[in-house]
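Fold and geometry: a report
Spelled out from the first residue to the last, the chains are:
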Amino acid sequence: MQSVDVRIIQGDITTQEVDAVVNAANSALLGGGGVDGAIHAAAGPELLVACRAIRADSLHDGLPVGQAVATPGFQLPARWIIHTVGPNRHAGQTDPALLESCFRRSLEVADDLQARSVAFPAISAGIYGWDPEAVARIAFRTIAEFDGGVREVRFVLFSERVAGVFRQVDRLTRSSQQE
Ligand code: APR
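Residues numbered from 1 in each chain as written. Predicted model: local features only at pLDDT ≥ 70, side-chain atom pairs only at ≥ 80, totals over all residues. Heavy atoms only, no water.

1. So, the site of the ligand
Just so we agree on the cut-off: Here, proximity means that at least one heavy atom of the residue falls within 4 Å of the molecule or strand. What qualifies as a polar contact is a pair of N or O atoms within 3.5 Å, subject to a donor-acceptor requirement within protein and to the restriction that residues adjacent in sequence count only when both atoms come from side chains. Per-residue and other accessible areas were derived by the Shrake-Rupley procedure at a 1.4 Å probe size, with only the shown protein chains allowed to occlude residues. Of the two site types, the cavity is a set of points on a 1 Å grid over the protein atoms alone where a 1.4 Å probe fits but cannot get out, and the pocket is an open set with protein on both sides within 12 Å along at least five of seven lines, each lined by residues with an atom within 4 Å of a point. Assignment of a molecule to a cavity or pocket requires that more than half of its atoms lie within 2 Å of the corresponding grid points. The helix and strand labels rest on DSSP assignments: H or I over at least four residues marks a helix, E over at least two residues marks a strand, and numbering proceeds from the N terminus.
Every one of the 21 residues lining the ligand counts as a neighbour, but Asn26, Gly33, Val35, Asp36 and Gly126 are closest to it. Asn26 is positioned with one of its side-chain polar atoms (N or O) 2.8 Å from an oxygen atom of the ligand. Here the ligand has 700 Å² of accessible area as a free molecule, and 90% of this is covered by the chains. At a threshold of 2 Å from the grid points, most atoms of the ligand map onto the largest pocket. Within the residue set of the shell around the ligand, elements represented by two or more residues are strand E2 (20-25) and helix H1 (34-43).

And the structure:
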């Protein structure tokens, strides 16, 4: 089990110089608000063209919740964007396994791309209404259980509030692992 260097950063995920940036998308894969909107704005119009092509080729019904698919990063510093669809609490999607699948499938897609560094936002912790602490717990557990080629994972949190939640959960997770 190779160790993964986990970093918690307060900032804008679109500026991260990593191999792959994970986008908290929706099933339509055609952009939106929040981090999805920021990534599309920063990556440029070619991203929407690539997403439309994926929809036409292989995802006629959209990207299912918990699944992940990659596109190039276009104008982002990151080489790849891995789009995943988190569970929407407002739609009754409260099963933690769905969110765990987002993190795990994104890491598996990153591995397939031979990406060594991956930046995650707080998937589902915005418009989709999940509690950031629950998201952090699932994220850290999934990273700890992942066995692949990714060497660095960054959690890039837009607000200091959510960054603080992730740091607190990380401390609690590490201390419980030492007991
Ligand atoms: N960098 C990092 N994190 C960001 C950024 C950014 N530039 N912009 C927003 N965030 C944070 C939000 O503050 C939140 O903590 O990302 C987290 C996820 O929030 P959303 O982007 O709302 O994603 P989610 O809750 O998964 O909802 C997905 O929102 O944007 C639409 O098209 C998207 O329909 C989908 C839904």
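And the narrative resumes.
2. Thoughts on the sheet that holds strand E5 (residues 117-120)
Counted only if it meets this: We treat two strands as partners when DSSP finds at least two bridges between them. Axis definition: a line fitted to C-alpha atoms, over the contacting stretch in the case of helices. Angles run 0 to 180 degrees between N-to-C directions. The criterion used for residue contact is that any of the two residues' heavy atoms lie within 4.5 Å.
Read from one edge to the other, the open sheet built from six strands follows the order E1-E6-E5-E2-E4-E3, with strand pairing classed as mixed. Looking at strand neighbours, the two that pair on one side only are strand E1 (5-10) and strand E3 (68-72), the edges of this open sheet. For this sheet the average axis-to-axis angle between neighbouring strands, irrespective of direction, equals 25°. Bridge count between E2 and E5: two bridges; the pairing is parallel. From the neighbouring strand, Val21 faces E5, where its bridge partner is Ala119. Relative to the sheet, helix H2 (residues 45-57) contacts E3 and strand E4 (80-85), its axis offset from that of E3 by approximately 135°. The sheet contacts of helix H3 (residues 96-112) involve E2, E3, E4, E5 and strand E6 (152-157), and relative to E4 the element is tilted by about 155°.

3. Section: the environment of Arg161
The topology assignment puts Arg161 in helix H5 (residues 160-178). Each C-alpha atom, one on Arg161 and one on Glu108, is 29 Å from the other, the two residues being 53 residues apart in sequence.

4. Notes on the layout of surface pockets
Going by this rule: Grid points are joined across faces, edges and corners, and a volume is the space filled by probe spheres set on the points. Gly is placed with the polar residues, together with every amino acid not listed as nonpolar (Ala, Val, Leu, Ile, Met, Phe, Trp, Tyr, Cys and Pro) or charged (Asp, Glu, Lys and Arg).
In this structure, the largest pocket encloses a volume near 580 Å³. As for the largest pocket, its lining consists of 26 residues, of which Ala24, Gly34, Val35, Ala122 and Gly126 are closest to the centre. Put simply, the parts of the chain that give the lining of the largest pocket at least two residues each are E2, H1, E6 and H5. The element contributing the most residues to the lining of the largest pocket is H1, with four residues. Tallied by class, residues from the lining of the largest pocket come to 15 nonpolar, eight polar and three charged.

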